[in-house]
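Spelled out from the first residue to the last, the chains are:
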Amino acid sequence: LVTMVSGDESHKGRLVSDVSDQAELDDTVLDAEAPSDSIDIATQRASPAQLLDHGAEPPPATPEDRPSIDGSTMTKLNERRRSAAGEAGVRIVQMNEPTAHSFCTNLVVTSKYTLLNFIPMNLWEQFRRFANFYFLMIGIFQCIPAISPLGITRPTIMLPLCLVLATSAVKEAVEDYKRRKQDDEVNNKKIEVLRNGEWTTILWQHLQVGEAVRINRDESIPADLVMLASDSPDGIAYVETKNMDGETNLKLKQAIPETSTRFQDFDSAMKSRVSVRCESPRPDLYSFSGALEDDGGQGDYALSVEQILLRGCVLKNTKWVVGVVCYTGADTKLVLNLVDAPTKQSNIEKMTNKKIVLAFTVDFCVCIALAIGNAIWTSKNAGVAWYLDIAPDNVALDAFLTMFTNMINFNGMIPISLYVSMEMVKLAQVFFMNNDRRMYYAAADAPCQARTSNLNEELGQVQYIFSDKTGTLTRNIMEFRCCSIAGNRYDVDPSPDAGPQPGKDQLLAAFKGGGELGQVVESYCLALALCHGVIIERDEDHPGKIEYQAASPDEKSLVAAAAFLEFVFLDRTPNSLTISVLGQQRTYKILNSIEFTSTRKRMTVILRTPEGRIILYCKGADNVILERCRTEAQPYREVTSKHLEEYALIGLRTLCIAQRELTEEEWSSWNEGHHAASCAINDRDEKVAASAELIEQELFLLGGTAIEDRLQDNVPETISLLAQADVKLWVLTGDKQETAINIGYSARLLDRSME
């Protein structure tokens, strides 16, 4: 069974996914939300006790047995299921033993309306416009004989009002129908799952927690799942996450070694009963804590964000992966980060509402003034104007009714056709935007797509633009340019058309010359070739050709630079790295690898060399590395810092490279605590970071790197035009201040007149 274990000690081990309890929960929601003729879910299930009493086997839960539920009811049902399961607990998932009704389904609905709620919800939104509400009141007044002019009880205003409401409703229905079609397209995608001992194809919406899933190249991930293996023996895969975070560069994912080789054979997946313990659903895209236990309960292996594949990502450069589903539907990180489609009102629409309220206020004041005048005149002339048939004691009531009659007469002060005209103009604008050739991007075959017409006019009222730098203003293609090693500057350009390379010759000469400089150069190049998360992709037609793939383009450029300096990265396994140094192969055993995070701003790898020594290599931001270097015996610190500042002033991205040699005792004593931190379910990232702090000390500074990330085409011209339009542009970057200022000048974001 798939269970949720409460974090409270008094509830540990309690099974909350009982079928009968779940049936009561579902029925409660359905009784409140579903129409009277909907299917009663409770009639399709029985509790485990009832099944055992009758000597029957529990029926398999199949998607076809489930009733059809509309989107809003399904959303509420999923929310109730998730809350009933205990948000603060730990989720336990048994592979190949899915429970159909324990957790939310994999159906995702982003449309706003259903057939049942469209009319009331749309009318509510329509009458938020003051003009519509005003004309509704006028129509009601026209039905009252005592108020209606000439005593005619015909709500003539209702016909144009219904036309206005129908026009807006049709527009909303068409736009929401497009969203519904997109939802159906996603929910009805097909995926391979393991059911009844064989791989079968089902729809995304029928996927359940605990099922084994096989995903092929260029397919989207249907749910949040723990990766168990890939076509690579190392268990490595690449995913594209632009649907999640907008990043176009591929992210590296790797299964733990204990499952990457075991699940290479699909038959093993059919027989396995691995268990995954993971945290309750959380919206954080960059955090995941869990543990995997094998069939016999012999091993407990830590799982991190490196093993999680998120819904919405696309598998790239990998033939296939196998994983076990942990979160579906509303529990996935993608959906948890979604917000309900809001009712959008543009500034012009808000201003129009205010102007109409002002016009109504003037209208109302005029009607009150006329009513007062009517009362004064009638009180003086009631006896003379006998033909008006007004009794002297009904003057006040007649004046009050006259006020509403005047409101009907003056309703032309409020333009009922204004909203219709605005809607028609917006629809025409959408048509022109979608067919504007100058807004078509040929490289990606991407035309402009206006998904809603509510905010068209806002495009001409933009005052501020907030943007990141890397990948938006720049190409996100990193090119190695310079380096500082042992206090010496070297210009190195690995690009094929760079020409003569005196910097490379000087580096190799220093390495071959030996001595202290040769040792530092060797350690520096080894750090570039070994401290990274890069993997190798070989062309089947050209086995000798190596292509590096990395989640970060910085890492790829550093490894390529090391290869250019003849420290070539050749192969990676879960436990070792193989490189070639001037044609001689060396294999280093991986003891620990602590990944780069935005908080740590550094990456560390601990290796055992072929000679048996234990070396720690660390690379990261200048300030982070320098403050962790030992205070004594640092002959290159000042000159290296000066070189990095000079690189930053010309717009280059800089990193520091350092190392530390560990004794066997130092590493063993630290590794025990680090392993415990890596296996923690709660607050794993904080515990791993605290453990890393203990070992990332007393570093020896080797040098620094300088990488160039060029601007996109026409960035300076575009920013200049935005400035001329008085649009304020803010750019977020993690670069050093000197680098950021230089990029600002080159992109025309800054000018010399600024302080």
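Residues numbered from 1 in each chain as written. Predicted model: local features only at pLDDT ≥ 70, side-chain atom pairs only at ≥ 80, totals over all residues. Heavy atoms only, no water.

Chemist: For this particular structure, what's the right way to read the overall build of the chain?
Modeler: Along the chain, the regular secondary structure elements total 22 helices and 27 strands. When burial is assessed residue by residue, the chain has 46% of its 755 residues classed as buried. Put simply, of all contacts in the chain between residues at least 6 apart along the chain, 69% involve residues at least 24 apart. Carbon and sulfur atoms make up 55% of the accessible area of the chain, which amounts to about 38,200 Å² in all. (Helix = DSSP H or I, 4+ residues; strand = E, 2+ residues; numbered from the N terminus. Buried < 20%, exposed > 50% of the residue type's maximum accessible area, 1.4 Å probe, protein only. Contact = heavy atoms within 4.5 Å. Areas by Shrake-Rupley, 256 points an atom, 1.4 Å probe, with all protein chains shown as cover.)

Chemist: Looking at this model, I keep getting lost on the pairing of strand β24 (residues 614–620). Mind explaining?
Modeler: Residues in a regular strand project their side chains so that they alternate between the two faces of the sheet. Of all seven residues making up β24, seven are buried, and the element is well covered by its neighbours. Going residue by residue along β24, you find Ile 614, Leu 616, Cys 618 and Gly 620 tucked away on one face and Ile 615, Tyr 617 and Lys 619 tucked away on the opposite face as well. Where strand β23 (residues 602–608) lies against β24, seven bridges are found, and the strand directions are antiparallel. When the sheet's bridge partners are listed, Leu 607 is paired in β24 with Ile 615. The antiparallel hairpin formed by β23 and β24 contains five residues in its connecting segment, where Gly 612 sits at a positive phi of about 100 degrees. Judged from the seven bridges that link them, β24 and strand β25 (residues 653–662) form a sheet pairing that is antiparallel. Pairing of Leu 616 across the sheet is with Arg 660, part of β25. (Pairing = 2+ DSSP bridges.)

Chemist: Help me understand the pattern of salt bridges in this model?
Modeler: Two side chains bearing opposite charge may form a pair once their charged atoms approach each other closely. Counted by the stated rule, this structure contains 30 salt bridges. The partner of Arg 653 in a salt bridge is Asp 554, and the shortest N-O contact between them spans 3.2 Å. Taken together, the residues Arg 653 in strand β25 and Asp 554 in helix α16 (residues 553–564) connect sequence positions 99 residues apart. Each member of the pair, Arg 653 as well as Asp 554, carries the same accessibility label: buried. Note that Arg 602 is salt-bridged to Glu 693, the shortest N-O span being 3.1 Å. Here Arg 602 is found in strand β23, whereas its partner Glu 693 is found in helix α20 (residues 684–695), with 91 residues between them in sequence. With relative accessibility at 2%, the residue Arg 602 sits in the buried group. (Salt bridge = Lys/Arg side-chain N within 4 Å of Asp/Glu carboxyl O.)

Chemist: Even after reading the chapter, I still don't get the packing of helix α19 (residues 664–678) against α20, so can you show me in this structure?
Modeler: The packing of two helices is summarised by the inter-axis angle and the distance between the axes. Their axes nearest at 8 Å, the elements α19 and α20 cross at an angle of 165 degrees. With respect to each other, α19 and α20 are oriented roughly antiparallel. α20 is crossed by α19, and the crossing has left-handed handedness. The residues of α20 that touch α19, namely those facing Trp 670, Gly 673, His 674, Ala 677 and Ser 678, are Arg 684, Lys 687, Val 688, Ser 691, Leu 694 and Ile 695. Here the contact of α19 with α20 is composed, by residue class, of five nonpolar, four polar and two charged. (Axes fitted to C-alpha atoms, helices over the stretch in contact; angles between N-to-C directions. Parallel < 35°, antiparallel > 145°, perpendicular 65-115°, else oblique. Left-handed = near helix turned anticlockwise from the far one by under 90°. Nonpolar A, V, L, I, M, F, W, Y, C, P; charged D, E, K, R; others polar.)

Chemist: What am I meant to see in the pairing of strand β8 (residues 251–254) here?
Modeler: Side-chain alternation along β8 places Lys 251 and Lys 253 on one buried face and Leu 252 and Gln 254 on a second face that is also buried. Across four bridges, the pairing between strand β7 (residues 236–240) and β8 is antiparallel. Bridge pairing in β8 links Ala 237 to Lys 253.

Chemist: Sorry, what's going on with helix α4 (residues 118–126) here?
Modeler: Along an α-helix, residues three or four positions apart point the same way, because every turn accommodates 3.6 residues. All buried positions along α4 are accounted for by Asn 122, Glu 125 and Gln 126. For α4, the arc enclosing every buried residue in end-on projection is 100 degrees, short of the 170-degree limit, so these residues lie on one face. Buried residues along α4 sit in contact with α5 (130–142) and α6 (158–187). (Arc of directions from axis to C-beta.)

Chemist: Looking at this structure, I do not really get the sheet that holds strand β3 (residues 190–195). What am I missing?
Modeler: Backbone-to-backbone hydrogen bonds join strands into a sheet, with any given pair of strands oriented parallel or antiparallel. Sheet architecture is open: six strands sit in the order β4-β3-β5-β14-β6-β12, paired in antiparallel fashion. On the outer flanks of this sheet lie β4 (198–203) and β12 (308–309), each paired with one strand and no other. Pairing of β3 with strand β5 (residues 212–216), which is carried by two bridges, proceeds in the antiparallel orientation. Opposite Val 193, over in β5, you have Val 213 as the bridge partner.

Chemist: Would you mind showing me how to read unusual backbone geometry here?
Modeler: Backbone phi values are negative for most residues with the exception of glycine, while trans is the configuration of most peptide bonds. For Lys 601, which is not glycine, the phi torsion reads 60 degrees and is therefore positive. Considering the arrangement of structural elements, one finds Lys 601 in the loop between β22 (584–594) and β23. For Lys 601, a relative accessible area of 39% corresponds to the partly exposed category. Even without being glycine, Glu 698 reaches a positive phi, approximately 55 degrees.

Chemist: I keep staring at the sheet that holds strand β26 (residues 700–711) and nothing clicks. Help me out?
Modeler: Strand order in the open sheet formed by nine strands is β17-β16-β26-β25-β24-β23-β22-β21-β20, with antiparallel pairing between adjacent strands. Edge positions in the sheet fall to β17 (488–491) and β20 (567–573), since each of these pairs with one other strand and no more. With direction set aside, neighbouring strand axes in the sheet form an average angle of 30 degrees. Bridging between strand β16 (residues 474–485) and β26 involves eight bridges; their strand directions are antiparallel. Bridge pairing in β26 places Cys 482 opposite Ala 706. Across the sheet, α20 is in contact with β22, β23, β24 and β25; its angle to β25 comes to roughly 70 degrees.

Chemist: Where do I start with the packing of α4 against α6 in this structure?
Modeler: Axis separation between α4 and α6 bottoms out at 11 Å; the angle between their running directions is 120 degrees. The angle between the axes of α4 and α6 places the two elements in the oblique class. α4 and α6 meet at a crossing whose hand is right-handed. Here Phe 118, Asn 122, Leu 123, Glu 125 and Gln 126 of α4 come into contact with α6, specifically with Leu 165, Ser 168, Ala 169, Glu 172 and Ala 173. Of the residues contributing to the contact of α4 with α6, the split by class is five nonpolar, three polar and two charged.

Chemist: Explain the packing of aromatic side chains to me, please; I cannot follow it from the model alone.
Modeler: Here the distance between the centres and the angle between the planes together describe a pair of aromatic rings. Throughout the structure, instances matching the rule amount to 11 aromatic pairs. On the numbers, 6.1 Å between centres and 25 degrees between planes, the contact of Tyr 548 with Phe 569 is stacked. Taken together, the positions of Tyr 548 in strand β19 (residues 546–549) and Phe 569 in strand β20 put the pair 21 residues apart, joining distant regions of the chain. The exposure classification of Tyr 548 matches that of Phe 569, with both residues buried. Members of the aromatic cluster, joined through ring pairs, are Tyr 134, Phe 135, Phe 360 and Phe 364. Here the guanidinium or amino end of Lys 504 rests over the ring plane of Phe 564, the centre of that ring lying 4.3 Å away. (Phe/Tyr/Trp six-rings, centres within 6.5 Å; stacked < 30°, edge-to-face > 60°. Lys NZ or Arg CZ within 6 Å of the ring centre and 35° of its normal.)

Chemist: What is the right way to look at helix α18 (residues 637–649) in this model?
Modeler: Across its 13 residues, α18 extends 19 Å between first and last C-alpha, which sits within 8% of the 18 Å expected from 1.5 Å per residue. Packed against the buried residues of α18 are β16, β17, α17 (622–626), β25, β26 and α22 (737–746). At the exit of α18 stands Gly 651, carrying a positive phi of roughly 85 degrees. (Expected span 1.5 Å × (residues − 1).)

Chemist: What exactly am I supposed to notice about a nonpolar patch on the surface here?
Modeler: A contiguous nonpolar surface patch, about 400 Å² in accessible area, is contributed by Leu 358, Val 362, Val 366, Leu 370 and Met 413. Of note, Leu 370 is situated in helix α11 (residues 347–381). When its relative accessible area of 38% is taken as the criterion, Leu 370 is described as partly exposed. (Patch = residues over 30% accessible without salt bridge, like charges linked within 9 Å, V, L, I, M, F, W, Y side chains within 5 Å.)

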